[in-house]
Each structure stands twice: as structure tokens, then as C-alpha cells.
Amino acid sequence: MEADLSDFNIDAPRWDQCTFLGRVKHFLNITDPRTVFASEQELDWAKVVVEKSRMGLVPPGTQVEQLLYAKKLYDSAFHPDTGEKMNVIGRMSFQVPGGMIITGFMLQFYRTMPAVIFWQWVNQSFNALVNYTNRNAASPTSVRQMALSYFTATTTAVATAVGMNMWTKRAPPLVGRWVPFAAVAAANCVNIPMMRQQELIQGICVKDRNQNELGCSQRAAAVGITQVVISRITMAAPGMILLPVIMERLEKLPLMKKVKVLHAPLQVVLCGCFLLIMVPVACGLFPQEWYQPIVACFALSDTPILTCFGAWGVSGKVDASKCICLNSGLLTRGKWDTSQDSEALGEKPGVSVLTQCLRDMVGNDRRHLVLLAVR
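Residues numbered from 1 in each chain as written. Predicted model: local features only at pLDDT ≥ 70, side-chain atom pairs only at ≥ 80, totals over all residues. Heavy atoms only, no water.

**Regarding the overall build of the protein chain**
- The number of helices and strands found in the protein chain is 13 helices and eight strands.
- For the protein chain, restricting intrachain contacts to residue pairs at least 6 apart in sequence, the fraction spanning at least 24 positions comes to 67%.
- Element-wise, carbon and sulfur atoms account for 62% of the exposed surface of the protein chain, whose accessible area totals about 20000 Å². (Helix = DSSP H or I, 4+ residues; strand = E, 2+ residues; numbered from the N terminus. Contact = heavy atoms within 4.5 Å. Areas by Shrake-Rupley, 256 points an atom, 1.4 Å probe, with all protein chains shown as cover.)

Below, the structure written as C-alpha cells:
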């Protein structure tokens, strides 16, 4: 007897995204470099299967394993916002093969100025393509903005690498091998915020657990972009910090002294080993979605519309009749009380607020209050 998969939720994550290990497994699945070699026919098949599954039209005889494999291919090759097929080089599944080649050559050819400039330019060109391919469709980036970001990041990387190369001429050789990492880290700190500056200016959309839009938050954008920068630097750090130490010792071996032509290929392979682990680990450092407490809610006159000022600086109107309160994971409903004003939760004086309801449900500890709701 075949299982009924019409109610199968293909978009539900296979692993718990609230845990670090669950996120690592999730990204290990969708950044699998083997999916880069999937044919166009396979990718088109995966898109059709995913779209039909979302509509509850799973073909008879389809197995769960087939649905999961189709979702893996879909997530690796199609943009999550637009559903368009991404170019191969810009996909996250290409981070390992693309990154290992560029990083390996950056670490190998760090001594001469032309080589430093060339490989830093190649690396920033690769990063720019990845950023463009995975751009936020809700916050479109102009061509001028992308060009400015690309130019600034490349200039920063080259200036850092050239400057530190000159500064470390008299330092031990190992210090010079770490210059590429310093350049990459500095460029990431510039490139990503500039590429996504529109989000910092306008804010990003903040939603409740039911995907209802609450407003826009510049603070949430700043936090998200900071996490991306940290993830990118973490992704590169182990390989670019530990590999120079390893190569410094290997190059002293008699065999390595004889076959210097193998130094670059060896570094490329070792970089691939590091990235194979670090890409999913770095992507899983922070959750893709997170929930934060609402600090205060202000009632506007006597209507069931609230203006919320949350932990991420959200400013937007919420229909109170559609909200619920999630307190420590327990569904709770309460009535709102406008009979008194208070500054206990940071409210503005003279504004009617939901004071007693909050006190009754969470007391003085509001850390677990995820979403306030009244009726």
C-alpha cells in the first residue's frame, strides 16, 4: 500500500533549526558540492516536483526519498525568494570547489605584489557574484550600488594585502602567510554591509510566527548583516590560519623541497577539506529566523490596533484581534487593560497600555515573551 504524500510538507526542515547541530546538518545537505554536477533536466524535474508537492499534487508512486532529493536540488540551485535558477558559480553549493581553488592560490602566491593583487581581485569578483546571486529579492540592489560595493571591497582587500605585505617583510615567514586572511576579513567587513546597505537604510521586514508582517526594523538588518560578516570570516578562518602553519612544516620535508610544483595543488586540496566542513558550520552559526521579545506595546485610542516597539526597533501596526501570546512555548490568551498607565515596561507616560495582562502572564521576567496578543 502506497503512502499518501498529498499532505507532505516539503518546505518543513528535516532537522531542528533551533539547534546548532540541526542547522549544520541542514546546510551540509543543501551545500553539498555534488549538486553542482546535477544536469539541467534533473534541476527542472526537482522544481516541478517541489511545486507540485506544495500544491498537494504528488504523483502516485512517488517515494519520500525522491521528494527529499528533489528539495535538496531545488534549494541548492533555485533562489529562495524568486524561484529563479541561479548561476552555477554563485550557488552556495559551489562555495567548496570555487573557494578551494581561489583560497589555495591566494595562500600559495602571496610573496609577489602582482600575484597578491591578481588573486585578491579574483576572490572579490567571486564574492561579488555570490552576493549578487544570493541577493535579497525584497531589497533590490541597484547596479551602481553593486559596482560601488565591488570596487570598495576590492580596493580594501588589495590595500590591506599590499600594506601588510610591506609591513611584514621583516617579520617571520609565517606572519606573511597570514596576510591573505587579513585582507579577506577586511574586505568582508566592507563588502557585505555595502552590498546590503539598502536593508540598513530601509530596514527588513519583521513577521510574527504566522508570517504576518509587523513592520520594518533597521536594527534587525544590522544584526543580520553582522551575523553574515561573522559567518563569512568564520568560514575562511580555519583554512587560512591553520593551513599556513601546516604548509610551513611540510615545505621543510625533503620530498616537498624536491617537488615544489605540488605545493599549490596540495594547498588547494587541503583548502577543500577545510571548506567542506566549514561552509555548513559557518552557515549554521546563527538561525535563519529568530524570535525576540516585544519590549513594549502602545494602544492607539480604543481601537484593536497596536504600535509595537520590539527588541529590534520594530515600528509597525498590528491587528490585535489576530495576535496570540506565546509565553515560554505555552499558548495563552489575555484581555487588554487600558485602565492604567505605567512606565514599568518602558511605556511613554500618558499612553494606555497592556500592563496588567503582561504582569499576570510573565511577571517581571519578559525574556520569554515572544509575541504579545490580545483580544
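There is more to say, and it comes next.
**Points about the nonpolar core**
- Counting 28 residues, the largest nonpolar core has Met100, Met106, Met235, Met240, Leu275 and Val279 as the members making the most contacts within it.
- Mapped by element, the contributors of at least two residues to this core are helix H1 (20-30), helix H4 (95-108), helix H5 (113-133), helix H8 (179-195), helix H10 (218-250) and helix H12 (263-283).
- Residues in contact with Met100, not counting those within four places in the same chain, are Gln95, Val268, Val269, Cys271, Gly272 and Leu275.
- Counting 13 residues, the second-largest nonpolar core is a separate cluster that includes Ile10, Val50, Val58 and Phe78. (Core = buried A, V, L, I, M, F, W, Y, C linked by side-chain atoms within 4.5 Å. Buried < 20%, exposed > 50% of the residue type's maximum accessible area, 1.4 Å probe, protein only.)

**Details of the pattern of salt bridges**
- Here the structure, examined in full by the defined rule, presents nine salt bridges.
- A salt bridge links Arg54 to Asp11; its shortest N-O distance comes to 2.9 Å. With Arg54 in helix H2 (residues 40-54) and Asp11 in the segment before H1, this pair connects stretches of sequence that are 43 residues apart.
- On the basis of relative accessible area, Arg54 is assigned to the partly exposed category, the value being 42%.
- Taking the relative accessible area as the measure of exposure, Asp11 reaches 39% and is therefore partly exposed. (Salt bridge = Lys/Arg side-chain N within 4 Å of Asp/Glu carboxyl O.)

**Observations regarding a positive patch on the surface**
- The grouping of Arg111, Arg249, Lys252, Lys257 and Lys260 at the surface amounts to a positive patch.
- The residue Lys257 is located in helix H11 (residues 254-258) in this model. (Patch = residues over 30% accessible without salt bridge, like charges linked within 9 Å, V, L, I, M, F, W, Y side chains within 5 Å. Lys, Arg positive; Asp, Glu negative; His and termini not counted. Charge placed at Lys NZ, Arg CZ, Asp CG, Glu CD.)

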